[in-house]
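Given next are the chains, with one letter for each unit.
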Amino acid sequence: MFPLRQLARHATRVLPACRPMSASAGPMVDVADDGGIAVMTLQRAPVNSLNLDLLQAMSKALDDVAKNKPNGMILTSASPTVFSAGLDIMEMYKPDLKRAEQFWTTLQEVWIKLFGFKFATAAAINGHAPAGGCLLAMSCEYRAMVSGKYTIGLNETALGIVAPLWFMDTMCHTIRTRDAELALTTARLFTVDEALKVGLIDETASDKADAIGKCKNFIKKFDRIPPLARTMTKLNIRRGPLTHMQKIRQADTQQFLAFLQNPQVQQALEMYIQSLKAKAK
Amino acid sequence: MFPLRQLARHATRVLPACRPMSASAGPMVDVADDGGIAVMTLQRAPVNSLNLDLLQAMSKALDDVAKNKPNGMILTSASPTVFSAGLDIMEMYKPDLKRAEQFWTTLQEVWIKLFGFKFATAAAINGHAPAGGCLLAMSCEYRAMVSGKYTIGLNETALGIVAPLWFMDTMCHTIRTRDAELALTTARLFTVDEALKVGLIDETASDKADAIGKCKNFIKKFDRIPPLARTMTKLNIRRGPLTHMQKIRQADTQQFLAFLQNPQVQQALEMYIQSLKAKAK
Amino acid sequence: MFPLRQLARHATRVLPACRPMSASAGPMVDVADDGGIAVMTLQRAPVNSLNLDLLQAMSKALDDVAKNKPNGMILTSASPTVFSAGLDIMEMYKPDLKRAEQFWTTLQEVWIKLFGFKFATAAAINGHAPAGGCLLAMSCEYRAMVSGKYTIGLNETALGIVAPLWFMDTMCHTIRTRDAELALTTARLFTVDEALKVGLIDETASDKADAIGKCKNFIKKFDRIPPLARTMTKLNIRRGPLTHMQKIRQADTQQFLAFLQNPQVQQALEMYIQSLKAKAK
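Note that the structure is predicted; figures quoted are calculated from it, not measured.

Draft legend 1. Expanded view of the overall build of chain A. The helix and strand tally for chain A stands at eleven helices and eleven strands. In terms of C-alpha radius of gyration, chain A reaches 18 Å, essentially the compact-globule figure of 19 Å for 281 residues. Each of the three principal axes of chain A carries a C-alpha extent, and together these read 55 × 40 × 40 Å. Expressed as a percentage of the 281 residues in chain A, the buried residues total 58%. Partitioning the contacts of chain A with sequence separation of at least 6, the portion at a separation of at least 24 is 76%. Counting only carbon and sulfur atoms, one obtains 52% of the accessible surface of chain A, whose full area is about 11,200 Å². One finds the centroid of the 34 positive side-chain charges in chain A at a distance of 2 Å from the centroid of its 25 negative side-chain charges.

The following block contains the structure:
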């Protein structure tokens, strides 16, 4: 991962306009049972930025869901316009290194649990899904996205950040290598139609309820598939990215911490945050 | 590979309805020369279930064909409705472990020989090609499939079985990883049109003769290609799956034998076989 | 790599008809600055055959361009009908082994520099691009090709040659494995429309100026992307083929030298060259 002098300049382009979800004093992740299917709703106002607390809540929620042996799990958002805005930049700005390390290893942990989840997973993408938001969606086995002005993609380079190798692996597991290279280098945010065409999502939906309905239909396909065979098959075909993560996990964490301690990075983050504040006014 | 309690329940869904080929007392594999092209016809009545005998006959036939240095080889079936129904379940039910090991290593051997065949290979898929039938077709370099109600796919999970890693490798060599994951986990049997769209087959044909004709046209493309360069190129691009097989071969066999010795598997197979018998009546 | 007895017979089929560029006494590679973008023009008359001199000039030019930290680089040809005809067969006929080794390692070096170039690269393919010409184009990040009777592809097998593993890796990075296998074994030269459909090129262009314009548009996408993040992302997703080259480089060179010392190869080359001379008259 690397900073960029121009980071602040691009802030307005990178962040999609979005309406915040209602502020919530409750837990950051809600899990509801819907006829044997667990619906996990991210609800960290305003845009499900992935900070340590949300990631810890997700990690625990994934364990809890797994214990209940559901027919499947649907991941969605409480925000009316954002699925998840990706990593919370405040975890990177003037970081306490102990917390920063915990932040990163928890992010890795959430991905390992979600990408390798024993039960069927589907993302009901009811809003923008840039960067880490796109990663969460891609880690599921199926994606239904609400049509509209929303976008999805790994746009890290636009922020001067290099998507970690396992973000890349996850994208290459989903779309063609050629399309992934173009998307990653150009920081492409796909419209819903573009995402469908390239295979980044599987279906479009008219609204959140429709997206959840389509995810349910996907999960219902497994009603007649013996679960153990299904799980082993999923883990076998996902073995490459999961094994790669095991190999690189420590180095990946060290690289993140080194990145944070680069003065240029901190300077760029400061400019970026100021631009966000200016934008908010 | 793993069993499933629900196995028997799904039997009727998994096995396509099919008319048997005429019973034959002759050899299980017929090889005929057609203008320098070897046409290998599987003819183990009724549905070319791959048992030890058929696999041994195929293994020997592949060697014999190779000795004649043909311009290419076409794989097809004597059955009017089934290319091959896949592995013969009777090789797995109450097995003699020595025979079971021979069965599995011969299956591996047939794949190694067919996937890495020196000469051009094409499958004239004149009927259903589930599971092991699909594997044989995918191991060839070209696939023409007769239009109709036939289906093709690695539907192992529907039977509670996990497709071995090399089945998976073979599918990922043929279609996109994303499509392979969806197909494998959902035990998808593709219609001919669906198979064409996803790239699992290359052409449709009106009948068996047409399928064989299209396979011949493919093989004739190599008339002007120096054979040694062609072979080396094929083996280079197929090196990944072939090398992977070398690495996992022994473990893969042990896994299969352990699978067979699982009481739950045997129980599931018994229920499955009884359901087939009931269906036959 | 392997020779073929039929090599000479195929000569007329393999080499596209082409008008030569004007003979030039100047340098073999021209580099011009076009608003911060380096335009590298291959100009070894008549058809940019890649001999040691042209490859050395390219290798040096790539270093020079990199020193200037351009916004990107466009690779094109001074010939009106040929982008590059690929390797110069005269480097392989009755070779001085020291020069032959230098020839091959320089070819590897040019690929390593171009495929892993820090700056954005695009190919304005203004004519035929068989074999090594296709390799150069595929090593760039973007390809715009002039519509017309031109063709592009790795057609090595037609000449009895096996495309090296890194040619194959480069193709598999660009198009689907399935399409690459078919293309490589059948020595397929794609028309411009076919190349577009399979993803071997990204855009068609009406003429050379239009192709260069489209390459510029691609490179301009990076105006707002921090360069370091862009470069690291590109190198990460290209890591597989680059690392593979490191592993095989020496063996690959030895294989090439052994190939050249095969009497059959030399005999085939001689026949081929004679057929070219006959054709020229």
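Draft legend 2. Representation of the pattern of salt bridges. Residue and element names in this part refer to chain B. As enumerated under the stated definition, the model contains 45 salt bridges over all chains in all. Close ionic contact of Glu 141 with Lys 234 constitutes a salt bridge, the shortest N to O distance being 2.6 Å. Taken together, the positions of Glu 141 in the loop between helix H4 (132-139) and strand S6 (143-146) and Lys 234 in helix H9 (residues 227-237) put the pair 93 residues apart, joining distant regions of the chain.

Draft legend 3. Local environment of the interface of chain C and chain B. Listed as interface residues are 25 residues of chain C and, on the opposing side, 27 residues of chain B. Carbon and sulfur atoms supply 65% of the area that chain C and chain B bury against each other, a total of about 2,100 Å² over both sides. The interface formed by chain C and chain B holds two salt bridges in total. With a shortest N-O distance of 2.7 Å, Glu 181 of chain C and Arg 238 of chain B are connected by a salt bridge. Counting residues per element, the ones that place at least two in the side of chain C that touches chain B are helix H1 (7-14), helix H5 (165-174) and helix H6 (177-185) of chain C.

Draft legend 4. Up close: the pairing of strand S3 (residues 72-77) of chain B. Residues and elements named next belong to chain B. Among the six residues of S3, six are classified as buried, and the element is accordingly described as predominantly covered. Residues Gly 72, Ile 74 and Thr 76 line one face of S3 and the alternating positions Met 73, Leu 75 and Ser 77 line the opposite face, and both faces are buried. Judged from the six bridges that link them, strand S2 (residues 37-42) and S3 form a sheet pairing that is parallel. When the bridges of S3 are listed, Met 40 appears paired with Leu 75. Where the polypeptide runs from S2 across helix H2 (residues 52-67) and back to S3, its parallel neighbour, the crossover connection is right-handed. Here three bridges tie S3 to strand S4 (residues 121-125), and the two strands are oriented parallel to one another. Directly across from Leu 75, in S4, lies its bridge partner Ala 123.

Draft legend 5. The arrangement of the confidence of the model for chain A in detail. All names here are of chain A. Looking at chain A, the pLDDT average stands at 91 and 91% of residues meet or exceed 70. For the stretch residues 1-18, pLDDT sits under 50, and the model shows 54 contacts to residues farther than four places along the chain or on other chains. Prediction confidence for the complex, expressed as pTM and ipTM, is 0.92 and 0.91 respectively.

Draft legend 6. Seen up close, the sheet that holds strand S8 (residues 143-146) of chain C. Residue and element names in this part refer to chain C. In spatial order, the strands read S1-S2-S4-S6-S8-S11; together these six strands make up an open sheet with mixed pairing. The open sheet has two edge strands, strand S1 (29-34) and strand S11 (203-205), and neither has a second partner. Strand-to-strand twist in this sheet, taken as the mean axis angle between neighbours without regard to direction, amounts to 20°. Packing against the sheet, helix H8 (residues 208-220) makes contact with S1, strand S2 (37-42), strand S4 (72-77), strand S6 (121-125), S8 and S11, and its axis sits at approximately 160° to S4.

Draft legend 7. Main features of helix H8 (residues 208-220) of chain B. Residue and element names in this part refer to chain B. With 13 residues, H8 extends 18 Å between its outermost C-alpha atoms, agreeing within 8% with the 18 Å of an ideal straight helix rising 1.5 Å per residue. What H8 keeps buried is the set Ala 211, Ile 212, Cys 215, Lys 216, Phe 218 and Ile 219. Down the axis of H8, the sector holding all buried residues measures 160°, keeping them to one side. Where H8 begins, the side chain of Asp 207 points an oxygen toward the backbone nitrogen of Ala 209, at a separation of 3.3 Å.

Draft legend 8. Local environment of the relation of the copies chain A and chain C. If you rotate chain A by 120° and push it 0.0 Å along the axis, it lands on chain C with an RMSD of 0.0 Å. Taken together, the rotation angle and the small translation identify this as a three-fold axis. For chain A, the residue whose C-alpha comes nearest the rotation axis is Arg 176 of chain A, separated from it by 4.4 Å. In this assembly, only 4% of the residues forming the interface of chain A have copies in chain C that are likewise at the interface, indicating a heterologous arrangement.

Draft legend 9. Representation of the state of the cysteines. Residue and element names in this part refer to chain B. Taken as a whole and judged by the stated rule, the model has zero disulfides over all chains. No disulfide involves Cys 140; its sulfur sits 8.0 Å from the nearest other cysteine sulfur, which is in Cys 215. You can call Cys 140 buried: its relative accessible area is 0%.

Draft legend 10. How the structure looks around the relation of the copies chain C and chain B. Overlay of chain C on chain B (RMSD 0.0 Å): rotation 120°, translation along the axis 0.0 Å. In this assembly the copies use different faces: only 4% of the residues contributing to the interface of chain C also contribute to that of chain B.

Draft legend 11. The arrangement of the sheet that holds strand S8 (residues 190-191) of chain B in detail. Residues and elements named next belong to chain B. Strand order in this open sheet of three strands is S5-S7-S8, and the pairing throughout is mixed. Single-partner strands in this sheet number two, and they are strand S5 (129-130) and S8. The pairing of S5 with strand S7 (residues 151-153) spans two bridges and is parallel. Directly across from Ala 129, in S7, lies its bridge partner Ile 152.

Draft legend 12. Main features of the pairing of S1 of chain C. Residue and element names in this part refer to chain C. Pairing analysis gives six bridges linking S1 to S2, with the strands arranged antiparallel. Bridge pairing in S2 places Asp 33 opposite Ala 38. With antiparallel pairing between neighbouring strands as the criterion, S1 and S2 make up a hairpin whose turn holds two residues, including Gly 35 at a positive phi of roughly 60°.

Draft legend 13. Region of interest: the packing of aromatic side chains. Scanning all chains against the criterion turns up 27 aromatic pairs over all chains. Relative to Phe 167 of chain B, the ring of Trp 166 of chain B has its centre 4.9 Å away and its plane inclined at 65°; by these criteria the two rings are edge-to-face. Accessibility assignment for this pair places Trp 166 of chain B and Phe 167 of chain B in one class, buried. Their ring planes at 10° and their centres at 4.3 Å tell us that Tyr 142 of chain C and Phe 218 of chain C sit as a pair that is stacked. Note that Tyr 142 of chain C is positioned in the loop between helix H4 (132-139) and S8 and Phe 218 of chain C in helix H8, a separation of 76 residues in sequence. Connected via pairs of aromatic rings, a cluster forms that spans Phe 103, Trp 104, Trp 111, Phe 115, Trp 166, Phe 167 and Phe 256 of chain A. The side chain of Arg 230 of chain A reaches across the aromatic face of Phe 222 of chain A, ending 4.3 Å from its centre. Sitting over the face of the ring of Phe 115 of chain B, Arg 238 of chain B holds its NZ or CZ atom 4.3 Å from the ring centroid.

Draft legend 14. Just the interface of chain A and chain C, in detail. Counting residues at the interface gives 25 residues for chain A and 27 residues for chain C. Across the chain A to chain C interface the summed buried area is about 2,100 Å²; carbon plus sulfur atoms make up 65%. The three residues of chain A that bury the most area against chain C are Arg 178, Glu 181 and Thr 185 of chain A, which together make up 29% of that side's buried surface. Here chain A and chain C share two salt bridges between them. Linking Asp 202 of chain C and Arg 178 of chain A is a salt bridge whose minimum nitrogen-to-oxygen distance equals 2.7 Å. On the surface where chain A and chain C come into contact, there are five residue pairs in polar contact (both at pLDDT 80 or more). Elements with a contribution of two residues or more to the side of chain A that touches chain C: helix H1 (7-14), helix H5 (165-174) and helix H6 (177-185) of chain A. In terms of residue count, the dominant contributor to the side of chain A that touches chain C is H6 of chain A (seven residues). For the side of chain A that touches chain C, the residue count by class is 14 nonpolar, seven polar and four charged.

About the thresholds
- Residues numbered from 1 in each chain as written.
- Chains lettered and ligands numbered in written order.
- Predicted model: local features only at pLDDT ≥ 70, side-chain atom pairs only at ≥ 80, totals over all residues.
- Heavy atoms only, no water.
- Helix = DSSP H or I, 4+ residues; strand = E, 2+ residues; numbered from the N terminus.
- Rg over C-alpha atoms; globule rule 2.2 N^0.38 Å.
- Buried < 20%, exposed > 50% of the residue type's maximum accessible area, 1.4 Å probe, protein only.
- Contact = heavy atoms within 4.5 Å.
- Areas by Shrake-Rupley, 256 points an atom, 1.4 Å probe, with all protein chains shown as cover.
- Lys, Arg positive; Asp, Glu negative; His and termini not counted.
- Charge placed at Lys NZ, Arg CZ, Asp CG, Glu CD.
- Salt bridge = Lys/Arg side-chain N within 4 Å of Asp/Glu carboxyl O.
- Buried area = accessible area lost by both parts, 1.4 Å probe.
- Pairing = 2+ DSSP bridges.
- Right-handed = clockwise from strand over helix to strand, strands pointing away.
- pLDDT = per-residue confidence, 0-100.
- Axes fitted to C-alpha atoms, helices over the stretch in contact; angles between N-to-C directions.
- Expected span 1.5 Å × (residues − 1).
- Arc of directions from axis to C-beta.
- Polar contact = N/O pair within 3.5 Å; in protein donor to acceptor, adjacent residues only side chain to side chain.
- Least-squares fit on C-alpha atoms with pLDDT ≥ 70 in both.
- Disulfide = S-S within 2.5 Å.
- Phe/Tyr/Trp six-rings, centres within 6.5 Å; stacked < 30°, edge-to-face > 60°.
- Lys NZ or Arg CZ within 6 Å of the ring centre and 35° of its normal.
- Nonpolar A, V, L, I, M, F, W, Y, C, P; charged D, E, K, R; others polar.

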